[in-house]
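Chains, contacts and geometry: an overview
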Amino acid sequence: MAADLGAAEAALARRDPAAEAAFRKAFEAADATAEQRARALDGLVAAAIEGGRAGALAADLEQRRAAAPRDQQAALLAAWVRSCKARDGHLHAILPTLEKDTQAAAPSARRLLQEVQAGTAQMERSVKRLGAELALAAEQQAREAARPKGLSRLTRPAAVPGVGPPGRPDYAAQVQTSAPPPRQRLRAPAEMPRVPMPQVPRARHDAPQAVTKPPPWPRPTAARLAAAFFTQAYQKATELAGEGLVESAKAEYATLMQLFPDTPQAQQAARYALGLFQRERVLAQGGDPLGAYLQWIRAVLGPKGSDYAEHLGFRSLAADADPAVLAREAEEFVKRYPDSKYGPSVRLQLAVALDRTGATPRAIEVLKPLVSPIDDESRVRAARILAWLYLFQGEAAAARGVLEALAAQTADPDAAAEARRTLAAIAANPLPKLTVAEVVGAGDPDEVFSTRILDLADQCLQRNDGERAADLYELYLRVARESQGFRAVRDRIQRIKRTGRADEE
Amino acid sequence: MSTRARSEARGSRMPGVAFGLLLAGVLGAAEAPPPEQKAPEPTPAARAMAALEERLAALRKEGAGFALRGRYEALLTDASAAAEAHAADPAVAAAHLVVARCCEALGKHPEKEAAFERYIDALLARSRDEAAAALRAESDALVARRELFAATKLLRLMLARFPDGPQAAWALYRLGTCHLLMDRFEDAAAAFGEVLTRWPEGPAATQARLRLARAYLAQSRYPEAIAMLEASLPREADAPLRDALLFDLAMARYLSRDYYGALVGFQRLVREAPSSPYAPIARAGVAKLRSDILHRLNASENK
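Residues numbered from 1 in each chain as written. Chains lettered and ligands numbered in written order. Predicted model: local features only at pLDDT ≥ 70, side-chain atom pairs only at ≥ 80, totals over all residues. Heavy atoms only, no water.

**Some remarks on the overall build of chain B**
When helices and strands are counted, chain B shows 15 helices and zero strands. By residue count, 53% of the 303 residues in chain B fall in the buried class. Just so you have it, chain B exposes about 13300 Å², and 55% of that area is on carbon and sulfur atoms. (Helix = DSSP H or I, 4+ residues; strand = E, 2+ residues; numbered from the N terminus. Buried < 20%, exposed > 50% of the residue type's maximum accessible area, 1.4 Å probe, protein only. Areas by Shrake-Rupley, 256 points an atom, 1.4 Å probe, with all protein chains shown as cover.)

Structural data, given as C-alpha cells:
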C-alpha cells in the first residue's frame, strides 16, 4: 500500500493524469489504514484540482460521505471542503451544508464551523443588527414625540389622599373630551419694562475635533479567528509546498485572503504566496513570475483587490521581469489604485520599464508629475531618474532644470550635494548630443558591454598585441557580471596571464 | 684578429650561429646575411665555436630530458674550456651562449645568468646593436615562457648596460609590463612613470600611459588614472592610440563612479572616433551606464 501511495505521489509530481486513478485505488483499498486513506484522499484532491475536475470530485465525495463509516467522515469532509473551495473559489456556498452535517459531530468540529461562520457572516449580521437597532431607536423617538405633554401617571398626585392606592386601571376604551381652559385677558402695559438681557457668553465656533475612529480591524474575536486560521493555513501550505503541491499551497493562502481580506494575516499570506512564486521562478529558470503572481492575486481578491499585495509583487519580482510586461502591469496598477500610497514607487518602476523598452519620452511624462514638489524620498528619487533620462536623451538644459530644483527643494543633504556635483560636471563638460538610436542597443546591456570588451581583447591577442589584450581583459573582469560564462572566461584570462597562451596546452 | 678575419670567421660559422640563435629565440638578434664573397679560411676559435654550436643544436633537437644530462654536462665542460681558451677572441661570445644554454637545460639558473651576462659583454665588445637585440630577444623569450623573475633580472642587466637611450626606454617599459604580469602594481607604476618622465615623447610613451592606467586602476587609484589619461590625450584627432586613451579614460571614470564623466567620455569617443574598434563598446557602455544608474536608483527604492 505504501508503495502504491508513493507511486501515486510520484505520478502526481510528474503531473501524470494517472495519478488520480492511483490515489482513488489506494483510497478504496480494503487494507488501507486511516493515515494512508487520508494521504490518498489528499493526493486525490490535489490530482483532481490539477486536472480541473474539482466539481466532479466534490459530487463524488458528497456521495461517498453519505455511505462512509464514522471514522472516515472527518477526512472525507475536509477533502470535500477543499474540492468545493477549488470548484467555487469560496466557502460561502458550502456553509449551510456544513452546518447541517455537523449537527451531530464532535463539539470541536462544531466550534470550528461556528468560527468560520462567524468569520464569513459576521459583517452581514452586524449590519443587520445595527439596522434593527437604528430602527428601534427611531421608533422610540417617534413615540416619545407623540406622547401628550403634562403630568404622567406616576407624578400625578392621588385623587383622594388617604383613600388608598387606585385600583387596577380599566383598559376599556373611554372617550374623554377635554376643553381647553378659558384664556385670560391680558392688558399690555403702555410701556414695556426694560429687562436687562442676561449676559450669555457667545458661543465660539471651534473647529470640530478630529475623531479617531477605531480601526475596523482587528476586532478581538475576528483577530483571534484570523490568527488561528492563518496558523492552520500556513502549516498546511508549508506541508503541501514541501510535497511539491505548490498550487494547493497557494490555494490555502488564497482561502485565507478571501476570508479575512483586510487583516495583517492576509498581508502575511500574500507575502508567503509570493515566496512560492519566487521559488517557482528559481526552479523554472524563467517564465513570467510577475505576471503570474499579479494575475493570481487579482483572481483571488476579485475586483476590490489589494494594492499592498500587488505592490509586493512589483517590489520582489520586478528586477527580473521583462520590461514590457513590467510596464504593462505597472500601468494596470496605476489605473486600479490611483490613490495608493505605493503609487509613486510603482510609477518609478513604470518609468524605468518604459525607458528600457525604448519609450523614454513616455517615461519622462510618467515622472514629471512626481517631481513637483520634490519634498519626500520618492520624489527625490524620481527627480534623479528624470534628470538622468534627460541626460541620456541629450537634453542637458532640461536635466539642469530638474537638478537645480532638486538641489533647492530637497531636505536630503546627500541628494542635494550630488545634484550640485552633477550640475558642476555639466557646466565643466558639456554633454555631446547623440541620437538615441546610437546609444540604445538590443539585448542585456551588461552582457553586450562585457562581450564587446572581451571580443576586442581577443582580437588584440590574435594580432599579437598581448599587452592591450591584457588591459582589456582586466577591464572585462572588473565590469562583467558574475555568471557561469564569466567564470569560464576568467579562468581563460588567468591562463593567458599565467602561460601567455589561450589554449590549455 | 683583424676585422677582415673576424668577418670571415663570422661568415663561416653563420649557419651554426643562426641556428643556435633561432633555438634560443633570438633570431631577431642575428647578424645581417653574409656577404656574397668567397669565404676565407676560418680561424681555430671560429671552428671551435662552430663545433660547439653544432653540438648544442643537435642536443637541443633531441630535447632536454634526463637521459641527455650527461651529454649536456660534457658540452658544458667543452664550452667552458673553449671560452677560457679563446677568451680574447670576439667569437668567444658563442661559447658563452652555449654555456648559458647548457646551464639552462641542466637547471643551473644562476650559472646560466652569469654565462648570459658574459655573452652580452662579449657581444658588447663587438657591437652594441647585437647586444641590445640579444637582450631584447632573450627577455621576450623569457616573458613568453612566463619566467618573469628571470626576465626582470635580465631587463635590469639591460638597463645597467644601456642606461640611456631607446634601449633603456624599452627595457624600463618591458620591466613595467613584467611587474604588471606579476601583479606588482606599485613597481609597474614606478617603471612606467619613469618611462614617461624621461621619454615623454618616446615611441613607448603612449603604450606606457595605457599600462600605467592599468596599474592605477588595478590599485583603485582612479583620480590618478583619470588625471594622467586626461593630461596625455593628444590633440590631434588622428594620433595613434587616441581612441584607446579615450576609452580608458571613460572606463576609469565609470569605475570611479563618475557616471556623468563616463557618459561624456563614451559619447565623445563615439563622436570623435566613430570608426574605432572602441566605438561599439562605447555605445554599449552608454547603454550599460543607463541600465546601471536606473537600476541603482530604482533598486534603492525597493529596499
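**Side note on the overall build of chain A**
Scanning chain A from terminus to terminus reveals 22 helices and zero strands. The proportion of buried residues among the 505 residues of chain A is 37%. The contacts in chain A between residues at least 6 apart in sequence include a share of 51% that link residues at least 24 apart. Taken as a whole, chain A presents about 31100 Å² of accessible surface, with 54% of it coming from carbon and sulfur. (Contact = heavy atoms within 4.5 Å.)

**A few points about the packing of helix α20 (residues 445–462) of chain A against helix α21 (residues 466–479) of chain A**
Residue and element names in this part refer to chain A. Contact pair α20 / α21: the axes reach a minimum separation of 8 Å and the direction vectors enclose 160 degrees. Taken together, the axes of α20 and α21 are roughly antiparallel relative to one another. Between α20 and α21 lies a crossing of left-handed hand. When α20 is examined against α21, the residues Phe 449, Ser 450, Ile 453, Leu 454, Leu 456, Ala 457, Asp 458, Cys 460 and Leu 461 are found in contact with a partner set consisting of Gly 466, Arg 468, Ala 469, Leu 472, Tyr 473, Tyr 476 and Val 479. (Axes fitted to C-alpha atoms, helices over the stretch in contact; angles between N-to-C directions. Parallel < 35°, antiparallel > 145°, perpendicular 65-115°, else oblique. Left-handed = near helix turned anticlockwise from the far one by under 90°.)

**A few points about the interface of chain A and chain B**
The figure often quoted for interface size is the accessible area lost as the parts come together. Taken together, the contact between chain A and chain B spans 48 residues of the former and 52 residues of the latter. Both faces considered, chain A and chain B share a buried interface measuring about 4700 Å² in area, 61% of it formed by carbon and sulfur atoms. Linking chain A with chain B are eight salt bridges, by the criterion used here. Across the pair A:Asp471 and B:Arg211 runs a salt bridge, and its minimum N-O distance is 2.6 Å. In this structure, the connection of chain A to chain B is made through 16 residue pairs in polar contact (both at pLDDT 80 or more). (Buried area = accessible area lost by both parts, 1.4 Å probe. Salt bridge = Lys/Arg side-chain N within 4 Å of Asp/Glu carboxyl O. Polar contact = N/O pair within 3.5 Å; in protein donor to acceptor, adjacent residues only side chain to side chain.)

**Points about the state of the cysteines**
Every disulfide links exactly two cysteines, by a covalent bond between their sulfur atoms. Residues and elements named next belong to chain B. For the structure on display, the rule yields zero disulfides over all chains. Between Cys 102, a free cysteine, and Cys 103, which holds the nearest cysteine sulfur, the sulfur-to-sulfur gap is 7.0 Å. On the accessibility criterion, Cys 102 (0% relative accessible area) is buried. (Disulfide = S-S within 2.5 Å.)

**Observations regarding the packing of helix α6 (residues 109–126) of chain B against helix α7 (residues 128–144) of chain B**
The description of two packed helices rests on the angle between their axes and on the distance between the axes. Residue and element names in this part refer to chain B. Interaxial distance between α6 and α7 falls to 6 Å at its minimum, and their mutual angle equals 150 degrees. Considering their axes alone, α6 and α7 lie roughly antiparallel with respect to each other. Here Lys 112, Phe 116, Tyr 119, Ile 120, Leu 123, Leu 124 and Arg 126 of α6 come into contact with α7, specifically with Arg 128, Glu 130, Ala 131, Ala 134, Leu 135, Glu 138 and Leu 142. Among the residues forming the contact of α6 with α7, the class breakdown is nine nonpolar, no polar and five charged. (Nonpolar A, V, L, I, M, F, W, Y, C, P; charged D, E, K, R; others polar.)

**Considerations on helix α4 (residues 54–67) of chain A**
Residue and element names in this part refer to chain A. Over its 14 residues, α4 runs 20 Å from end to end, which matches the ideal 20 Å to within 8%, given 1.5 Å per residue. Every buried residue of α4 is listed here: Ala 54, Leu 57, Ala 58, Asp 60, Leu 61 and Arg 65. One face of α4 carries all of its buried residues, which in axial projection span an arc of 165 degrees. Within α4, the exposed residues directed more than 90 degrees away from the buried face are Ala 56, Gln 63, Ala 66 and Ala 67. (Expected span 1.5 Å × (residues − 1). Arc of directions from axis to C-beta.)

**Points about the packing of aromatic side chains**
Applying the stated rule across the entire model yields 17 aromatic pairs over all chains. On the numbers, 5.7 Å between centres and 35 degrees between planes, the contact of A:Trp388 with A:Phe392 is tilted. With A:Trp388 and A:Phe392 both in helix α16 (residues 377–392) and four residues apart, this pair spans about one turn of that helix. Each member of the aromatic cluster is reached from another via a ring pair, and the members are A:Phe230, A:Tyr234, A:Tyr253 and A:Tyr272. The ring centre of B:Phe116 lies 5.6 Å from the NZ or CZ of B:Lys112, which sits over that ring. (Phe/Tyr/Trp six-rings, centres within 6.5 Å; stacked < 30°, edge-to-face > 60°. Lys NZ or Arg CZ within 6 Å of the ring centre and 35° of its normal.)

**Focus on the environment of B:Ala287**
Residues and elements named next belong to chain B. Tracing the backbone through its elements, the reader meets Ala 287 in helix α15 (residues 279–301). Residue classification places Ala 287 among the buried positions, given a relative accessible area of 14%. Along the primary structure Ala 287 and Leu 263 are separated by 24 residues, whereas in three dimensions their C-alpha atoms are 9.6 Å apart.

**Here we look at the pattern of salt bridges**
All names here are of chain B. Within this structure, the stated rule accounts for 56 salt bridges over all chains. When the shortest N-O distance is used, the salt bridge between Arg 253 and Glu 230 registers 2.0 Å. Of this pair, Arg 253 sits in helix α13 (residues 242–255) while Glu 230 is found in helix α12 (residues 222–232), placing the two residues 23 residues apart along the sequence. Among the residues examined, Arg 253 registers a relative accessible area of 10% and is labelled buried.

**Topic: unusual backbone geometry**
With an omega of 0 degrees, the peptide bond between A:Ser372 and A:Pro373 qualifies as cis. Examined against the element boundaries, A:Pro373 turns out to sit in the loop between α15 (360–367) and α16. Although it is not a glycine, B:Arg146 sits at a positive phi angle of roughly 60 degrees. With respect to the secondary-structure elements, B:Arg146 resides in the loop between α7 and α8 (148–161). One non-glycine residue, B:Leu241, lies in the positive phi region at around 65 degrees. Its location among the elements puts B:Leu241 in the loop between α12 and α13.

**Quick word on the environment of A:Leu256**
Residues and elements named next belong to chain A. For Leu 256, the position within the fold is in helix α9 (residues 246–259). The exposure class assigned to Leu 256 is buried, which follows from its relative accessible area of 0%. Sequence separation between Leu 256 and Phe 229 is 27 residues, and the spatial gap between their C-alpha atoms is 7.1 Å. Not counting the four nearest positions on each side in its chain, Leu 256 is found in contact with Ala 226, Phe 229, Phe 230, Gln 265, Ala 266 and Ala 269.

**Thoughts on the nonpolar core**
By size, the foremost hydrophobic cluster in this structure holds 224 residues, and its most contacted members are A:Met257, A:Tyr293, B:Phe247 and B:Phe266. If we skip the residues at most four places from it in the chain, A:Met257 touches A:Ala266, A:Ala269, A:Ala270, A:Trp296, A:Ile297, A:Val300 and A:Leu301. (Core = buried A, V, L, I, M, F, W, Y, C linked by side-chain atoms within 4.5 Å.)

**With respect to the environment of A:Ala19**
Residues and elements named next belong to chain A. With respect to the helices and strands, the residue Ala 19 is situated in helix α2 (residues 18–28). Judged by its relative accessible area of 1%, Ala 19 is buried. C-alpha separation for the pair Ala 19 and Ala 47, spaced 28 residues apart in sequence, amounts to 6.5 Å. When residues no more than four places from it in sequence are discounted, the contact partners of Ala 19 are Ala 8, Ala 11, Leu 12 and Ala 47.

**A short note on the confidence of the model for chain A**
On average, residues of chain A score 78 in pLDDT, and 77% of them are at 70 or above. Taking the mean pLDDT of every element in chain A, the minimum, 53, falls on helix α19 (residues 436–439) of chain A and the maximum, 91, on α21(A). (pLDDT = per-residue confidence, 0-100.)

**Thoughts on helix α3 (residues 34–50) of chain A**
All names here are of chain A. Along its 17 residues, α3 runs 24 Å from first to last C-alpha, staying within 8% of the 24 Å computed at 1.5 Å per residue. Within the sequence span of α3, burial applies to Gln 36, Arg 37, Ala 40, Leu 41, Gly 43, Leu 44, Val 45, Ala 46, Ala 47 and Ala 48. Contacts from the buried residues of α3 go to α1 (2–13), α2, α4, α5 (70–88) and α9.

**Comments concerning the confidence of the model for chain B**
Residues and elements named next belong to chain B. Looking at chain B as a whole, its pLDDT mean stands at 84, while 85% of the residues score no less than 70. For chain B, per-element mean pLDDT is lowest for helix α2 (residues 14–23), which scores 38, and highest for helix α10 (residues 185–198), which scores 95. Predicted confidence is poor over residues 1–32, with pLDDT under 50, and the contacts of this stretch with residues over four places away or in other chains come to 44 contacts. In the predicted complex, the global pTM is 0.60; the interface-specific ipTM is 0.79.

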